[in-house]
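Structural description and commentary
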Amino acid sequence: MTNVRGSEGASVPSLGRLSAVPAEWANGVEQSRHLATAVPGPRSQELLARRSAAVARGLSATLPVFVERAGGGVVVDVDGNRFIDLGSGIAVTSVGNANPEVVSRVQDQVAAFTHTCFMVAPYAGYVEVCEALNNLTPGTHEKRSALFNSGAEAVENAVKIARSFTKRQAVVVVEHAYHGRTNLTMALTAKDMPYKHGFGPFAAEVYRVPTSYPLRDERDGATAAAQAIAKITKEVGPDQVAAVLIEPIQGEGGFIVPAPGFLSSLANFCTQNGIVFIADEIQTGFARTGAWFACDHEGVIPDLITTAKGIAGGLPLAAVTGRAEIMDAPHVGGLGGTYGGNPVACAAALGSIAAMHDADLPSRAAAIGELMMTRLRAMQERFPEIAEVRGRGAMNAIELVQPGTSTPHDTLAAAVAKACHAKGVLVLTAGTYGNVLRFLPPLIIGEDLLHEALDVLEEALADATA
Ligand SMILES: *Cc1c(COP(=O)(O)O)cnc(C)c1O
């Protein structure tokens, strides 16, 4: 079935060829956009005032409302406004908010026991999540996993493990990278404002090399990789490098998809030099890009992979998974943490993974991507400010520039995002230059909602560029 809609009458692939998502996955939330008040409404305004009196200002707020309920592709605020969700809490609620598979397992677990500390008195859920990760992640080699609380903590541990295995110290990261907000992961992250500014000194032995950013560097993957490798070779020394750490598609950096061959060239260089190749799939993982992991699109098999965000339907959980001999390098007692792999979070992950299998969410993410990219490309024909439409599956974005130049247009991105919020569509911005609008819908969103959100985006672009 083909659905003709959108600007320029583009022929847009339908999600209809995929099985419909069960109605109960909407969590009782009416699946429509609705504005009951101005945004923010009076009850949200009251809470915003309490928020600024009680909460540190360092925590930003994308949408100026307070949430009461969420499900399917919709977030409901305390004033009864219903927003179409193109953010999924930053690629977290891929199975939808309060997915019934997640809720029932969490309820059972929380009633059975809430915490024992896996290192003190273990439980099966932790092992089952590790087994699932070892099966689902790229490569058929023998693997081990370890669980943590947050993405940053997983990245920190991946670096610990790589250093322990190689007995080397240097870690190589790339331009535009985002790996978290703890001390080591700030050092690994590229962008000063807002992530690093004033928070130094940062961890040592971190080296940054060029990446592949096809829109802006116009190089093929092999050429871009050669430049990165030359820098590692000349400035760091391959035999000093414990790990090369990279997001297969950069998230906060602007949904930058490297040119084909870039990742595989870097991975091969790592293999040849005894360097641990770590894929940070915290944002790209768990069906988001139309495959279980973004590395799968290029047949790249990382030595270690970090996951978090989409893994547990909204509960805090993160993991490092990888080659058994690397994962088992640290001594007994060298890894862990009080809460890492908490039983409730593990139950949520098992529910979330089951839901992804049940609804074949990797295929659904791919179909969402086809629909969105078709419509976004039609918008690109209409608006010269859209320099590029890019992404994979349900992780896609538009990069905005001053027409006819490559100058980033961050004020336009901010204005369009704000206009979408006022019209009841939750979109996020990203990018080193702040000029990227990124879209991360829940993978169970309905097709009509997706079209409506894109209609609103198109209106907002038209108004802001008029
Ligand atoms: C979000 C993110 C992190 C950090 O995860 P937290 O859970 O916020 O600590 C690390 N790497 C990537 C690629 C991310 O998108």
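Residues numbered from 1 in each chain as written. Predicted model: local features only at pLDDT ≥ 70, side-chain atom pairs only at ≥ 80, totals over all residues. Heavy atoms only, no water.

1. Quick look at the site of the ligand
Every residue near the ligand is listed here: S150, G151, A152, Y178, H179, E247, D280, I282, Q283 and K309. In this structure, G151 approaches the ligand through a main-chain N or O atom, which is 2.7 Å from an oxygen atom. Between the ligand and Q283 there is a distance of 2.9 Å, counted from an oxygen atom to a side-chain nitrogen or oxygen. Coverage of the ligand by the protein chains reaches 82% of its 390 Å² of free accessible surface. Residue composition of the shell around the ligand, by class: 3 nonpolar, 4 polar and 3 charged. (Near = heavy atom within 4 Å. Polar contact = N/O pair within 3.5 Å; in protein donor to acceptor, adjacent residues only side chain to side chain. Areas by Shrake-Rupley, 256 points an atom, 1.4 Å probe, with all protein chains shown as cover. Nonpolar A, V, L, I, M, F, W, Y, C, P; charged D, E, K, R; others polar.)

2. Focus on helix α14 (residues 447-465)
Across its 19 residues, α14 extends 27 Å between first and last C-alpha, which sits within 8% of the 27 Å expected from 1.5 Å per residue. Among the residues of α14, those classed as buried are E447, L449, L450, H451, A453, L454, V456, L457, E458, A460 and L461. (Helix = DSSP H or I, 4+ residues; strand = E, 2+ residues; numbered from the N terminus. Expected span 1.5 Å × (residues − 1). Buried < 20%, exposed > 50% of the residue type's maximum accessible area, 1.4 Å probe, protein only.)

3. Comments concerning the pairing of strand β5 (residues 82-85)
Side-chain positions along a regular strand alternate between the two faces of the sheet. Side chains R82 and I84 project from β5 onto one buried face, and the interleaved F83 and D85 project onto a second face that is buried too. In the sheet, strand β4 (residues 74-77) pairs with β5 via 3 bridges, with the strands oriented antiparallel. Across the sheet, residue V76 finds its bridge partner in β5, namely R82. Between β4 and β5, which pair antiparallel in sequence order, lie 4 residues; one of them, G80, sits at a positive phi of approximately 85°. Looking at chain direction, β5 and strand β15 (residues 425-426) are connected through 2 bridges and run parallel. Counterpart to I84 in the pairing with β15 is V425. (Pairing = 2+ DSSP bridges.)

4. Remarks on the environment of L361
As for its placement among the helices and strands, L361 is situated in helix α12 (residues 361-382). On the basis of relative accessible area, L361 is assigned to the buried category, the value being 0%. On a C-alpha basis, the gap between L361 and R163 in space is 35 Å, while along the polypeptide they are 198 residues apart. Setting aside residues up to four positions removed in sequence, L361 forms contacts with S94, V95, A287, A355, M356, L443 and I444. (Contact = heavy atoms within 4.5 Å.)

5. Quick notes on the sheet that holds strand β9 (residues 241-246)
Read from one edge of the open sheet, 7 strands run β6-β12-β11-β10-β9-β7-β8, paired in mixed fashion. Bordering the open sheet on either side are β6 (143-148) and β8 (206-209), each of which pairs with just one other strand. Across the sheet, the axes of successive neighbouring strands diverge by a mean angle of 20°, strand direction being ignored. Here β9 runs beside strand β10 (residues 276-280); their pairing, made up of 4 bridges, is parallel. Across the sheet, the residue bridging to V244 is F277, located in β10. This element, helix α9 (residues 262-272), spans β9 and β10 of the sheet and lies at about 165° to β9. (Axes fitted to C-alpha atoms, helices over the stretch in contact; angles between N-to-C directions.)

6. Details of the packing of aromatic side chains
Across all of its chains, the model carries 7 aromatic pairs by this definition. The interplanar angle of 75° and the centroid separation of 5.6 Å between the aromatic rings of F118 and Y123 together place this pair among those described as edge-to-face. We classify F118 as partly exposed; its relative accessible area is 22%. Between F286 and W292, the ring centres sit 6.4 Å apart and the planes meet at 85°, which makes this aromatic pair edge-to-face. Exposure remark for F286: the relative accessible area of 1% places this residue in the buried category. Its relative accessible area of 16% is what places W292 among the buried residues. The residue whose ring lies beneath K196 is F202, and the NZ or CZ to ring-centre distance is 5.3 Å. (Phe/Tyr/Trp six-rings, centres within 6.5 Å; stacked < 30°, edge-to-face > 60°. Lys NZ or Arg CZ within 6 Å of the ring centre and 35° of its normal.)

7. Focus on the side chain of N99
Mapped onto the elements, N99 comes out in the loop between α2 (88-91) and α3 (100-112). Within the local environment of N99, its side chain forms a polar contact with the backbone nitrogen of E101, the two atoms lying 2.8 Å apart. Not counting residues up to four positions away in its chain, the partners in contact with N99 are W25 and A355.

8. A closer look at the domain arrangement of the chain
Once the domains are mapped, the chain shows domain 1 (23-85 + 361-465) and domain 2 (101-358). Between the C-alpha centres of domain 1 and domain 2 there is a distance of 26 Å. Our enumeration of links across domain 1 and domain 2 arrives at 2 salt bridges. R438 is paired through a salt bridge with E252; the nearest N and O atoms lie 2.9 Å apart. Put simply, domain 1 and domain 2 have 15 residue pairs in polar contact (both at pLDDT 80 or more) between them. (Domains from an automatic or database assignment. Salt bridge = Lys/Arg side-chain N within 4 Å of Asp/Glu carboxyl O.)

9. A look at the nonpolar core
Ranked by size, the top nonpolar core spans 97 residues in total, and within it L437 and L457 carry the most contacts. Looking at which domains feed residues into this core, each of domain 1 (23-85 + 361-465) and domain 2 (101-358) gives three or more. In this structure L437 touches N396, A397, I398, L400, A413, V416, A417, V427, L428, T429 and L457, once residues within four positions along its chain are discounted. Listed in part, the 25 residues of the second largest apolar core include V209, A225, F269 and V300. (Core = buried A, V, L, I, M, F, W, Y, C linked by side-chain atoms within 4.5 Å.)

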